[in-house]
Amino acid sequence: MDLNMDLNAPHSMGTTIIGVTYNGGVVLGADSRTSTGMYVANRASDKITQLTDNVYVCRSGSAADSQLVSDYVRYFLHQHTIQLGQPATVKVAANLIRLLSYNNKNMLETGLIVGGWDKYEGGKIYGIPLGGTLIEQPFAIGGSGSSYLYGFFDQAWKEGMTKDEAEQLVVKAVSLAIARDGASGGVVRTVVINSEGVTRNFYPGDKLQLWHEELEPQNSLLDILSSPSPEPMNI
Amino acid sequence: MSSIGTGYDLSVTTFSPDGRVFQIEYAAKAVDNSGTVIGIKCKDGIVMGVEKLIASKMMLPGSNRRIHSVHRHSGMAVAGLAADGRQIVARAKSEATNYQSVYGEPIPVKELAERVASYVHLCTLYWWLRPFGCGIILGGYDRDGPQLYMVEPSGISYRYFGAAIGKGKQAAKTEIEKLKLSEMTCREGVIEVAKIIYNVHDEAKDKAFELEMSWVCDESKQQHQKVPDDLLEEAKAAARTALEEMDAD
């Protein structure tokens, strides 16, 4: 066990982040662990940040880089909204993030998922991974924990879900990733955005499903040891 | 309503005692001396038409374009000093492509009109620049539907259902007001615009003219383009017939 933990390593968000569209809006979800090497610097961080009233972004990778990019884009979008006289579209927000990510690719290390609702296109999700590509997707996953979710989404994703189905899918997915990824953990936060507005939800550990070794053993051969006559094959 | 602004009209940075900037008013006169330009907003798009007065019989038909595309979805028709108009079109094109690069979507027509108006206004603020001697009719089709704007040499820009500038603007405006634009398609609008331009053309004062028209509508897939040749010929024929009927009265 490496006791020489580098407590001065840059804060990185191991992370699992997810964005999913449903019939009428989007649901964004994330875990809450911020790590400095092996040390958990913040076990309850909020990785889903507001850009405008109707557009939010999930941040992963370097905490500093993702915060700065979000701050710049929030500032540009604010000015854009004033000039335009109406709320900015999700596409514009995603494009501004992409320009910063791409043009500074040598210096930045952050993967972002932009999600929101506007009156022209409805709910939209845009994934902006490390190099600065911009890709519009029906759902997007990111962060170190997402590796464990590709197969899960291939099977569980479907078009035209309801709001509750989508939120349950996101919570289940983040919780599965937290179970397997050491760099993801803490609580599950979700943000639902639609024509009516924005709703934030919070799922602490006791609200999440149990997986694998966390479950009570059923029909386990270990029961033999505690039974009166430990005869194998006699149960 | 012409008045002499003796002494107060030498610079665009001088107000007259009754609060007017004469240089800007003189710039507007340059627009009034040019061929008529009109634009109308129909229920499915915009139609713009220009009365191109031909200076010389040796000019090639179709040359000296007065209507320019600014972006895929918008175009502008210019009246007044042509060289000034070229500058404004170049600036508008540059604003449109810049907006697209930064924000990732085509520039909303309202935003484009504001930027063009700002630029025209800029040239009325400094003594070492002269105002643009042109009026602009800007038509475009964005996600909020078709929109028509007019920009004057003073830098004012308003949104219109129908607009006219140039020599025959008064007569043209009267004709446009008679039309039921909200029920008209662009196809019908093209014919009406041609009729109006032929109507306001003064045969006595100016001999020859060429009609140039463009549209941006559902039929053109929300792209700004020249009106197709067959429709243009149909419009010209209808306009000539209407004129003959009027003369026959």
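All residue numbers refer to positions counted from 1 along the written sequence of the respective chain. Written order determines the labels here, with chains lettered from A and ligands numbered from 1. Restriction of local features to residues with pLDDT of at least 70 applies here, the model being predicted, together with a cutoff of 80 or more for giving and counting side-chain atom pairs; totals for whole chains, interfaces and linings are based on all residues. Hydrogens and water are ignored here; the side-chain numbers use all heavy atoms of the structure.

Undergrad: Just give me the short version of helix α6 (residues 229–248) of chain B, but keep the residues and values in it.
TA: Residue and element names in this part refer to chain B. To qualify as a helix, a DSSP run of H or I must reach at least 4 residues; to qualify as a strand, a run of E must reach at least 2; elements of each kind are numbered from the N terminus. The length a helix should cover is 1.5 Å for every residue beyond the first. In this model α6 runs 29 Å from its N-terminal to its C-terminal C-alpha over 20 residues, within 8% of the 28 Å that 1.5 Å per residue would give. Per-residue accessibility, obtained with a 1.4 Å probe over protein chains only, is compared with the maximum for each type, and a residue is labelled buried under 20%, exposed over 50%, and partly exposed between these values. What α6 keeps buried is the set Leu-231, Leu-232, Ala-235, Lys-236 and Ala-239. Down the axis of α6, the sector holding all buried residues measures 135°, keeping them to one side. Among the exposed residues of α6, those pointing more than 90 degrees away from its buried face are Asp-230, Glu-244, Glu-245 and Ala-248. Two residues form a contact once any of their heavy atoms are found within 4.5 Å. If you follow the buried residues of α6, they end up packed against α5 (186–200) and β9 (209–217). The arc in question is the one spanned by the directions pointing from the helix axis to the C-beta atoms.

Undergrad: Would you mind going over the interface of chain A and chain B in detail, with residue names and values included?
TA: Facing the eleven residues of chain A at the interface are 13 residues of chain B. When the buried surface of chain A facing chain B is broken down by residue, Gln83(A), Leu84(A) and Tyr120(A) rank first, second and third, together holding 43% of it. Salt bridge, as used here: a side-chain nitrogen of Lys or Arg that lies within 4 Å of a carboxyl oxygen of Asp or Glu. Our count for the chain A to chain B interface comes out at zero salt bridges. In the analysis that follows, any N or O atom pair within 3.5 Å is treated as a polar contact, provided that within protein one partner can donate a hydrogen and the other can accept it, and provided that, for residues neighboring in sequence, both atoms belong to side chains. Joining chain A to chain B, the criterion identifies five residue pairs in polar contact (both at pLDDT 80 or more). Of all the elements in the fold, those that place two or more residues in the side of chain A that touches chain B are α1 (63–84) and α2 (90–103) of chain A. Sorting elements by how many residues they give to the side of chain A that touches chain B places α2(A) first, with five residues. Under the grouping applied here, Gly and all other residues not named as nonpolar or charged are polar, the nonpolar ones being Ala, Val, Leu, Ile, Met, Phe, Trp, Tyr, Cys and Pro and the charged ones Asp, Glu, Lys and Arg. Each residue belonging to the side of chain A that touches chain B can be placed in one class, and the counts come to five nonpolar, five polar and one charged. Buried area: the accessible surface (1.4 Å probe) lost by two parts on joining, summed over both.

Undergrad: Outline the sheet that holds strand β1 (residues 37–42) of chain B, listing residues and values.
TA: Residues and elements named next belong to chain B. Pairing between two strands is assigned when DSSP locates at least 2 bridges connecting them. Taken in spatial order, the five strands of this open sheet run β8-β1-β2-β9-β10, and their pairing is antiparallel. Each of the sheet's edge strands pairs with one partner strand only, and the pair in question is β8 (162–165) and β10 (225–226). Sheet analysis places β1 next to β8, joined by four bridges and oriented antiparallel. Each residue of the ladder has a partner; that of Val-37, found in β8, is Ile-165. With axes taken as lines fitted to C-alpha atoms, and helix axes fitted only over the stretch in contact, angles between N-to-C directions fall between 0 and 180 degrees. Across the sheet, α5 is in contact with β1, β2 (45–53) and β9; its angle to β9 comes to roughly 155°.

Undergrad: An account of the side chain of Asn95(A) is needed here, citing residue identities and associated values.
TA: Looking at where Asn95(A) falls in the secondary structure, it is placed in helix α2. Reaching out from Asn95(A), the side chain makes a polar contact with the backbone oxygen of Val102(B) at a distance of 2.9 Å.

Undergrad: For the pattern of salt bridges, give the residues involved together with the corresponding values.
TA: Residue and element names in this part refer to chain B. Tallied over the entire structure, the rule returns 22 salt bridges over all chains. In this structure, the salt-bridge partner of Lys-169 is Asp-32, at a minimum N-O distance of 2.9 Å. Taken together, the residues Lys-169 in helix α4 (residues 169–178) and Asp-32 in helix α1 (residues 22–32) connect sequence positions 137 residues apart. Classification of Asp-32 as partly exposed rests on a relative accessible area of 30%. Several salt bridges share partner residues, and in doing so they unite Lys-52, Arg-65, Glu-210 and Glu-212 into one network.

Undergrad: I'd like a description of the side chain of Lys236(B), backed by residues and values.
TA: Residues and elements named next belong to chain B. Inspection of the secondary structure assignment puts Lys-236 in helix α6. Assessed through its relative accessible area of 14%, Lys-236 is described here as buried. Ignoring any residue separated from it by four or fewer positions in sequence, one finds Lys-236 in contact with Tyr-198 and Leu-211.

Undergrad: How would you sum up the UniProt feature "active site" (unreviewed entry) in chain A? Please name residues and give values.
TA: Residue and element names in this part refer to chain A. With numbering aligned to this structure, UniProt lists the feature "active site" (unreviewed entry) at Thr-15. Mapped onto the elements, Thr-15 comes out in the loop between β1 (12–13) and β2 (17–22). Apart from residues lying up to four places away in sequence, Thr-15 is in contact with Asp-31, Lys-47, Arg-59, Ser-60, Gly-142, Gly-143, Ser-144, Gly-145, Asp-181, Ala-183 and Ser-184. UniProt positions are given in the numbering used here, feature names are shortened, and annotations may be inferred rather than shown by experiment.

Undergrad: Go over the sheet that holds β2(A), please, and point to the residues and values.
TA: Residues and elements named next belong to chain A. Strand order in the open sheet formed by five strands is β11-β2-β3-β12-β13, and the pairing between neighbours is antiparallel. The sheet is open, and its two edges are formed by β11 (139–142) and β13 (197–203), each paired on a single side. With strand direction ignored, the average angle separating the axes of adjacent strands in the sheet is 15°. The sheet strands contacting helix α4 (residues 163–180) are β2, β3 (25–30), β12 (188–194) and β13, and the helix crosses β12 at an angle near 155°.

Undergrad: Now, about the packing of α5(B) against α6(B): what can you tell me, with residues and values included?
TA: When two helices pack together, their arrangement is given by the angle between the helix axes and the distance between those axes. Residues and elements named next belong to chain B. Between α5 and α6, the least distance of the axes is 8 Å, while the angle of their chain directions is 45°. Taken together, the axes of α5 and α6 lie oblique to each other. Both α5 and α6 take part in a crossing whose hand is right-handed. Side by side, α5 and α6 meet where Arg-187, Val-190, Ile-191, Ala-194, Lys-195, Tyr-198 and Asn-199 of the first sit next to Leu-231, Glu-234, Ala-235, Lys-236, Ala-238, Ala-239, Arg-240, Ala-242, Leu-243 and Met-246 of the second. Angle categories are assigned with fixed cut-offs, so that under 35 degrees is roughly parallel, over 145 is roughly antiparallel, 65 to 115 is roughly perpendicular, and the rest are oblique. Two helices that cross are described as forming a left-handed crossing if the nearer one is turned anticlockwise from the farther one by less than a right angle, and a right-handed crossing if clockwise.

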